[in-house]
Protein chains: 2
Amino acid sequence: MKKVTMADVAKLANVSKSTVSQYLNKRYEYMSEETRKRIARAIEELGYQPNIIARSLKQKTTATIGVIVFNILHMLTIQVLHAIEEACQERGFHVIVCNTDDDPEKEKKYIEMLRAKQVDGLIIFPTGKNAEIYQKMVEERFPLIFVDRMVPGIKADAVLLDNKKAAALAVEYLAERGYQRIGVVAPPLVSHVIPRMERIEGFRQTLTEKGLPVIADYVVATEISSIQSELAKLFASGRPPQALFAINDLTLMEILHFVKNNGIHVPDDLALISIDDVPFADIYTPTLTTIAQPTFAMGKKAAERLFMQITKKQKHKPQIFRFPPTLIERKSVRQRGNHNDGRQ
Amino acid sequence: MKKVTMADVAKLANVSKSTVSQYLNKRYEYMSEETRKRIARAIEELGYQPNIIARSLKQKTTATIGVIVFNILHMLTIQVLHAIEEACQERGFHVIVCNTDDDPEKEKKYIEMLRAKQVDGLIIFPTGKNAEIYQKMVEERFPLIFVDRMVPGIKADAVLLDNKKAAALAVEYLAERGYQRIGVVAPPLVSHVIPRMERIEGFRQTLTEKGLPVIADYVVATEISSIQSELAKLFASGRPPQALFAINDLTLMEILHFVKNNGIHVPDDLALISIDDVPFADIYTPTLTTIAQPTFAMGKKAAERLFMQITKKQKHKPQIFRFPPTLIERKSVRQRGNHNDGRQ
DNA sequence: TTGTAAGCGTTATCAA
DNA sequence: TTGATAACGCTTACAA
């Protein structure tokens, strides 16, 4: 009762399917004004809508990309996704979004399904645990970009924050303001999650460069759910840190809960700086000094780079794009008095 | 060099394409152990991956749905999307996500493109301004669900918050605690954005029911960018409101900025309650009393209902699903002293 | 300037 | 238990 096809249009307009096809693809060059109008009328009359699936089958291209993320609720994910969607919109592409919850099995299934659906390329916020599959795509020259996390050993394009720099920014900022006992809070340090490692590495390194001690106890790296209790232990000890560096928005939230529940005053009792510019940074009291990621630029770059891969399917040497973090100075870190030697 | 097709598998396994097809669709009934193994081996050997596009063309079904949202950065959007994605995952469906920025033109283009791509159904957070197009889909019985906003006159399923109830909850809560001069802050009241209208309507109605005056000046409904200045005017006047009801998270943010910039103390100078349970509600000082939407349940319902439409393409009378809001009591509203008659 | 016909990679209907 | 063969709706040489 419903499906109008090109053949119907052709019949009604008294032309052949190919002519209709020409028309639809705007190849008007050799088409008489007359036929063009007849076709237009027929399409109108029948309410014809082309079937892109059929075209895709023939052309082997779907104008669709897949974006596989490990946490769709993450602010970073959403912002990058936004930029990707916008870039795709400009090019007439569509985005299939898949959420893995950081489960490699789901990721694997998604990659396979999306490739079966013939997406033209993939942007992945990887779990990091499907090396063989990533590798296979690289070998086949399938258009692929990693975002946020990269996977060691896989020669694919990646769009990342300059994580060491971000950590350095934080530590330098604190050090310059007289903080000496600086702690860091992070999720568990697992080796395949590169940004975490890089941030901690940058933290340690910068501390050393600044001549400050790296105190093992001040490195809190544990499940989000136990950050509160770990912090409690830390602050129950004799010498709690003077400042805390939150490696991302999730850990920042935990710290904020902790200070609220324990009546710790920021920045007087404890200075705070974090990576990820949370939306409430400047309504919180005190406003929060953060290190922002250029999320929109990152998403845009990922999309553009993917389009490049899609259009010119040459070899292209894999590139890692490191985006610079930006320190946004607010009030959660203040200048420490010089007379204070660090004791409470 | 790459594309392995069913024909290749068939040749290698020494069977016909149809047999391979049977195998892939797990119709093993009449298949000899022997051929089954041969096919399995051939698939393995060639690294064959089925082309779902071809299958879709034949079967007229893509196992893909489209989700068109008017603001992908909205927290509500993201949470509902999350639930939709999860429900789709369970059913082997994929989700194409499109962001319209509340632009009806974009929405129109997206709807057309997605239908051309033969998606099996559409979940739309509508701009509300493409009535003819929505109507056409309804008439064609194309699977369609509206979320968050509904469109008057369009007989389609919709998943919504019980907006009047939400507003009533807020006003009752304030009234019961002795607040009399209650204001509301909202984006511009345009008639096609139903939830806004419903919330304001609920606000007014409940105020009246509680015997409280509806003061025109206390209804701030304006562009987000000018909320601050409108609030400034309001508070510069002799009798500012004792409590403010933020119609959504965006307006809440503006109010929060305003109180911070003007040294207004919450809840002592001004009580605050809002729809949308923002992530920082319980780290803010004071913690924020909010009215939460059951976002996950809403997304799940939208997906399930869409699947129902997709599977049984019968008439089905359109239903509006109203989800109950939940008041989460925190500290941004306190009991007012009875001796206070409302004057400052 | 327009039409014919051969695909694209599946599935489905019959036969064998 | 398996195999021909014709769709599915479109694109694209090549002819006319």
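Just above sits the structure.
Residues numbered from 1 in each chain as written. Chains lettered and ligands numbered in written order. Predicted model: local features only at pLDDT ≥ 70, side-chain atom pairs only at ≥ 80, totals over all residues. Heavy atoms only, no water.

Visitor: Can you walk me through the overall build of chain A in this structure?
Guide: Per the secondary structure count, chain A includes 12 helices and 12 strands. Against the 2.2 N^0.38 benchmark of 20 Å for 344 residues, chain A shows a C-alpha radius of gyration of 27 Å, more extended than a compact globule. Considering chain A as a whole, with its 344 residues, one finds that 53% of them fall into the buried category. Per element, the accessible surface of chain A, about 15500 Å² overall, is 50% carbon and sulfur. A distance of 6 Å separates the average location of the 48 positive side-chain charges in chain A from that of its 40 negative side-chain charges. (Helix = DSSP H or I, 4+ residues; strand = E, 2+ residues; numbered from the N terminus. Rg over C-alpha atoms; globule rule 2.2 N^0.38 Å. Buried < 20%, exposed > 50% of the residue type's maximum accessible area, 1.4 Å probe, protein only. Areas by Shrake-Rupley, 256 points an atom, 1.4 Å probe, with all protein chains shown as cover. Lys, Arg positive; Asp, Glu negative; His and termini not counted. Charge placed at Lys NZ, Arg CZ, Asp CG, Glu CD.)

Visitor: What is the right way to read the interface of chain A and chain B from this model?
Guide: Note: interface size is frequently given as the accessible area lost on complex formation between the parts. Contact with chain A, which involves 46 residues of that partner, is made by 47 residues of chain B. Of the roughly 4900 Å² buried between chain A and chain B on both sides combined, carbon and sulfur atoms contribute 61%. One can count zero salt bridges joining chain A with chain B. Viewed at the interface, chain B and chain A are joined by 24 residue pairs in polar contact (both at pLDDT 80 or more). Secondary structure elements with two or more residues in the side of chain A that touches chain B: helix 4 (52-59), helix 5 (75-91), strand 2 (94-99), helix 6 (104-116) and helix 11 (249-261) of chain A. By residue number, the principal contributor to the side of chain A that touches chain B is strand 2 of chain A, which donates six residues. Counted by class, the side of chain A that touches chain B contains 23 nonpolar, 14 polar and nine charged residues. (Contact = heavy atoms within 4.5 Å. Buried area = accessible area lost by both parts, 1.4 Å probe. Salt bridge = Lys/Arg side-chain N within 4 Å of Asp/Glu carboxyl O. Polar contact = N/O pair within 3.5 Å; in protein donor to acceptor, adjacent residues only side chain to side chain. Nonpolar A, V, L, I, M, F, W, Y, C, P; charged D, E, K, R; others polar.)

Visitor: For this particular structure, what's the right way to read the sheet that holds strand 12 (residues 326-328) of chain B?
Guide: Pairing between sheet strands relies on hydrogen bonds along the backbone, with the strands arranged either parallel or antiparallel. Residues and elements named next belong to chain B. Overall, mixed pairing links the six strands, which are arranged 7-6-8-9-10-12 in an open sheet. Both outer strands of the open sheet, strand 7 (219-221) and strand 12, are each paired with one neighbouring strand and no more. Between one strand axis and the next, the sheet turns through 15° on average, direction left out of account. Relative to strand 7, strand 6 (residues 182-186) runs parallel, the two being bridged by three bridges. Each bridged residue has a counterpart across the sheet, and for Ala186 the counterpart in strand 7 is Ala221. (Pairing = 2+ DSSP bridges. Axes fitted to C-alpha atoms, helices over the stretch in contact; angles between N-to-C directions.)

Visitor: How should I be thinking about the protein's contact with DNA strand C in this particular structure?
Guide: Looking at DNA strand C, there are 25 residues lining it, with Ser16, Ser18 and Thr35 of chain A together with Ser21 and Tyr48 of chain B nearest. For DNA strand C, the backbone makes up 63% of the atoms found within 4 Å of the protein, where backbone means sugar plus phosphate. A distance of 2.6 Å separates a phosphate oxygen of DNA strand C from a polar side-chain atom of Ser21 of chain B. Secondary structure elements with two or more residues in the surface near DNA strand C: helix 2 (17-24) and helix 4 of chain A together with helix 2 (17-24) and helix 4 (52-59) of chain B. (Near = heavy atom within 4 Å.)

Visitor: Please clarify how the packing of aromatic side chains should be interpreted in this entry.
Guide: In this description, a pair of aromatic rings is defined by centroid distance and the angle of the planes. All names here are of chain A. Across all of its chains, the model carries 11 aromatic pairs over all chains by this definition. Arranged with centres 5.1 Å apart and planes meeting at 80°, the rings of Tyr134 and Phe146 form a pair that is edge-to-face. Here Tyr134, found in helix 7 (residues 131-139), pairs with Phe146, found in strand 4 (residues 144-147); they are 12 residues apart in sequence, far enough to count as distant. Cation over ring: Arg149 sits above Phe70, and NZ or CZ is 3.6 Å from the ring centre. (Phe/Tyr/Trp six-rings, centres within 6.5 Å; stacked < 30°, edge-to-face > 60°. Lys NZ or Arg CZ within 6 Å of the ring centre and 35° of its normal.)

Visitor: How should I be thinking about the pairing of strand 1 (residues 64-69) of chain B in this particular structure?
Guide: The side chains of a regular strand alternate, residue by residue, between the two faces of the sheet. Residues and elements named next belong to chain B. When you tally the buried positions in strand 1, you get six out of six residues, the bulk of the element. Burial along strand 1 is two-sided: the residues Thr64, Gly66 and Ile68 and Ile65, Val67 and Val69 are all buried. Bridge analysis of strand 1 against strand 2 (residues 94-99) gives six bridges, and the strand direction is parallel. Among the inter-strand pairings, Ile65 is bridged to a residue of strand 2, identified as Val95. Note on the crossover from strand 1 through helix 5 (residues 75-91) to strand 2: the handedness is right-handed. Pairing between strand 1 and strand 3 (residues 121-124): four bridges, direction parallel. For Val67, the partnering residue across the bridge sits in strand 3 and is Ile123. (Right-handed = clockwise from strand over helix to strand, strands pointing away.)

Visitor: Which parts of the structure should I look at to understand the protein's contact with DNA strand D?
Guide: Neighbouring residues of DNA strand D: 25 residues in total, closest Met6 and Tyr48 of chain A together with Tyr30, Thr35 and Lys60 of chain B. Protein-proximal atoms of DNA strand D, defined as those within 4 Å of the protein, fall in sugar or phosphate at a share of 65%. Within the side chain of Thr5 of chain A, an N or O atom sits 3.4 Å from a phosphate oxygen of DNA strand D. Within the contact set of DNA strand D, a phosphate oxygen lies 2.4 Å away from a side-chain nitrogen or oxygen of Tyr48 of chain A. Secondary structure elements with two or more residues in the surface near DNA strand D: helix 2 and helix 4 of chain A together with helix 2 and helix 4 of chain B. In the surface near DNA strand D, the residues fall into eight nonpolar, 11 polar and six charged.

Visitor: Help me understand the relation of the copies chain A and chain B in this model?
Guide: Each of the two chain copies goes to the other by way of a rotation about an axis and a shift along it. Aligned on chain B, chain A shows an RMSD of 0.1 Å; the corresponding rotation is 180° and the shift along the axis is 0.1 Å. Such a combination of rotation and displacement between the chain copies is what one expects of a two-fold axis. Considering only C-alpha atoms, the part of chain A nearest the rotation axis is Ile96 of chain A, at 2.1 Å. The share of interface residues of chain A whose copies in chain B are also at the interface is 100%, consistent with both copies meeting through the same surface. (Least-squares fit on C-alpha atoms with pLDDT ≥ 70 in both.)

Visitor: How should unusual backbone geometry be read in this particular structure?
Guide: If a residue is not glycine, its phi is most likely negative; likewise, a peptide bond is most likely trans. Here Val266 of chain A and Pro267 of chain A are connected by a cis peptide whose omega angle stands at 5°. Within the secondary structure, Pro267 of chain A is located in the loop between helix 11 and strand 9 (271-275). Residue Pro286 of chain A is reached from Thr285 of chain A by a cis peptide bond, and omega for that bond is -5°. Mapping Pro286 of chain A onto the fold places it in the loop between strand 9 and strand 10 (289-292). Positive phi is not limited to glycine here, since Lys60 of chain B has a value of about 60°. Within the fold, Lys60 of chain B resides in the loop between helix 4 and strand 1.

Visitor: Could you clarify how one ought to interpret the sheet that holds strand 6 (residues 182-186) of chain A in this entry?
Guide: Residue and element names in this part refer to chain A. Reading across from one edge, 7-6-8-9-10-12 is the order of the six strands in this open sheet, with mixed pairing throughout. The two strands at the open ends of the sheet, each matched to only one other strand, are strand 7 (219-221) and strand 12 (326-328). Strand-to-strand twist across the sheet, computed as the mean angle between neighbouring axes with direction ignored, equals 15°. Pairing analysis gives four bridges linking strand 6 to strand 8 (residues 243-246), with the strands arranged parallel.

Visitor: Looking at this model, I keep getting lost on the nonpolar core. Mind explaining?
Guide: Side chains of a nonpolar character, in soluble globular proteins, are inclined to be buried together. Grouped together as the largest cluster of nonpolar side chains are 56 residues, with contacts concentrated most on Ile65, Val67 and Ile123 of chain A together with Ile65, Val67 and Ile123 of chain B. Ignoring any residue separated from it by four or fewer positions in sequence, one finds Ile123 of chain A in contact with Ile65, Gly66, Val67, Ile68, Ile84, Ile145, Val147, Ala302, Ala303 and Leu306 of chain A. Counting 50 residues, the second-largest nonpolar core is a separate cluster that includes Val185, Val220 and Leu231 of chain A together with Leu288 of chain B. (Core = buried A, V, L, I, M, F, W, Y, C linked by side-chain atoms within 4.5 Å.)

Visitor: Sorry if this is basic, but what is going on with the pattern of salt bridges here?
Guide: Pairs may arise between side chains of opposite charge once their charged atoms sit close together. Residues and elements named next belong to chain A. With the rule as written, the count across this model stands at 28 salt bridges over all chains. Across the pair Arg149 and Asp102 runs a salt bridge, and its minimum N-O distance is 2.6 Å. One end of the pair, Arg149, is in the loop between strand 4 and strand 5 (157-161); the other, Asp102, is in the loop between strand 2 and helix 6, and 47 residues separate them in sequence. Arg149 sits in the buried class, given a relative accessible area of 4%. Residues Arg177 and Glu176 are paired through a salt bridge, measuring 3.8 Å at the closest nitrogen-oxygen approach. Judged by its relative accessible area of 18%, Arg177 falls in the buried class.

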